[in-house]
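Here are the chains, one letter per residue:
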Amino acid sequence: MTSSTGRVAATRVIMLAAAGLLSSCTDGGLAPGAERSNANEAEITERMIAAIEEITLARAENGVVPRLNQAKSLGCFNAEFTVEENLPAHLRHGLFAQPGTHPGLVRFANASAADDRDKDFRGMSIKVFEVDGEPLWGEAGQQDFLMNSHPALFASNPDEFLSFIDATADDALWKFFINPLNRDSVAILLNGREAINSPFDIDYWSTTPFRLGPDNRVAIKYAALSCTALPGEQPENADADFFRTVMQQQLAGGQACFDFMVQHQQDPDAMPVEDASVVWDEADAPYQKVATITIANQEFSSAAAMQACDSQRFNPWQALPEHRPLGGINRVRQAVYSEAGEFRLQQSQR
Ligand code: HEM
């Protein structure tokens, strides 16, 4: 499966490598903050994009092509992203260099469930506006953070993610599940799904690492930990869209809140950059708070608001150089999100 968009994507990955942005290591172990790219990443990216286009087109309903992941929007919220005052020097980089409040947008989503009562992963997509500095990709003045409700990604690397996507495209997910090599991935896919009362009440993690600042020995992960005061309660007559009702009730009683945190890699073997399925141990690498996200009471669930919400696009590479995405999963995501998002919106307009 080869698409023209895929070829563009593959070229981008090669260009990144050629620009020396990927440092490789031949001795098996990696230095702190270092990455190791694989020769087949451009090809994997191309195959991923082609498969994602095939899957999402097949899932289109009423002329609307859905996202591959995080398909059901639960709501988009205007938010405030307030960087802490008096941060220590090692945290004062990029967006966190200056204390103060930025306007933001947060989109919550179910990863795959159409019914809010089902167990699922949830996504939290954050866009921060009025950001100084040129991003690596995308719109000037914006910084995105894409977060998932489980700290470990089910796939260690792009190869594993591709085998999952390929099995999905072939409508043969069982092949992925019965392969003994995928035992750990399957455990994360089964155990990471949870039933929740409200997307405002749970914690989210980047799962993949990022740079923080100019020092290429530094790698970090992000978390957004709920500090929402009023917990959501599932109503007795909860329906498939009950999160909207609960979130609206919570906002009427006080704002939703998340502490935005950073975790520094300590040991590159125990806290790898190239394996997104490994959770970095908080006992050895505690999270430190850099900002607070607040969401005040607002109307978010009208048909127009939900449609505007679905047309939002996020990309981990919509980031300042100080927050550069690291690791194979992040490397392939630049082209995957850009091409998949464009494909989805173009096809949906037909
Ligand atoms: C190679 C690995 C991955 C692939 C191929 C992938 C693929 C995708 C695709 C195709 C979309 C839909 C994009 C669109 O149509 O606009 C998406 C959305 C999303 N993904 Fe991933 N993903 C990967 C890893 C991750 C990771 C590690 C996270 C975070 C922990 C993540 C979180 C999200 C979120 C939050 C969204 C929704 C974005 C939005 O609100 O528009 N993904 N992903």
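J.: Give me the lowdown on the nonpolar core, citing residues and values where you can.
T.: Membership of the largest hydrophobic core comes to 43 residues, with the highest contact counts inside it found for Phe 81, Phe 96, Phe 108, Met 124, Phe 145 and Phe 260. At the level of secondary structure, the elements contributing two or more residues to this core comprise β1 (72-83), β2 (100-110), β3 (122-128), β4 (143-148), β6 (220-226), α6 (242-253), β7 (256-264) and β8 (288-295). Not counting chain neighbours up to four residues away, the residues in contact with Phe 96 comprise Phe 81, Val 83, Leu 87, Leu 91, Phe 145, Leu 212, Tyr 222, Phe 260, Val 262, Val 290 and His 323. Residues Ala 51, Leu 68, Ala 335 and Val 336 belong to the second largest nonpolar core, which totals 27 residues.

J.: A description of the coordination of the iron atom of the ligand should follow, citing residues and the corresponding values.
T.: Under perfect tetrahedral coordination by four donors, a metal shows angles of 109.5 degrees; under perfect octahedral coordination by six donors, it shows angles of 90 or 180 degrees. Just one protein atom coordinates the iron atom of the ligand, and that atom is Tyr 337 (OH), at 1.9 Å. You can see Tyr 337 is positioned in helix α8 (residues 328-348).

J.: Account for the packing of aromatic side chains, naming residues and giving values.
T.: The final tally for this structure, using the stated rule, is 20 aromatic pairs. Aromatic side chains Phe 77 and Phe 300 sit 4.4 Å apart centroid to centroid with 45 degrees between the ring planes, which places their arrangement in the tilted category. One end of the pair, Phe 77, is in strand β1; the other, Phe 300, is in the loop between β8 and α7 (303-310), with 223 residues separating them in the sequence. Phe 300 carries the same exposure label as Phe 77, and that label is buried. Aromatic side chains Phe 176 and Phe 177 sit 6.2 Å apart centroid to centroid with 75 degrees between the ring planes, which places their arrangement in the edge-to-face category. An aromatic cluster is built from Phe 77, Phe 108, Phe 200, Tyr 204, Phe 258 and Phe 300, whose rings are joined through pairwise contacts. Above the ring of Phe 314, the side-chain terminus of Lys 127 is found at 5.0 Å from the ring centroid.

Parameters at a glance
Residues numbered from 1 in each chain as written. Predicted model: local features only at pLDDT ≥ 70, side-chain atom pairs only at ≥ 80, totals over all residues. Heavy atoms only, no water. Core = buried A, V, L, I, M, F, W, Y, C linked by side-chain atoms within 4.5 Å. Buried < 20%, exposed > 50% of the residue type's maximum accessible area, 1.4 Å probe, protein only. Helix = DSSP H or I, 4+ residues; strand = E, 2+ residues; numbered from the N terminus. Contact = heavy atoms within 4.5 Å. Donors = N, O, S within 2.8 Å, 3.2 Å for Na, K, Ca; no water. Phe/Tyr/Trp six-rings, centres within 6.5 Å; stacked < 30°, edge-to-face > 60°. Lys NZ or Arg CZ within 6 Å of the ring centre and 35° of its normal.

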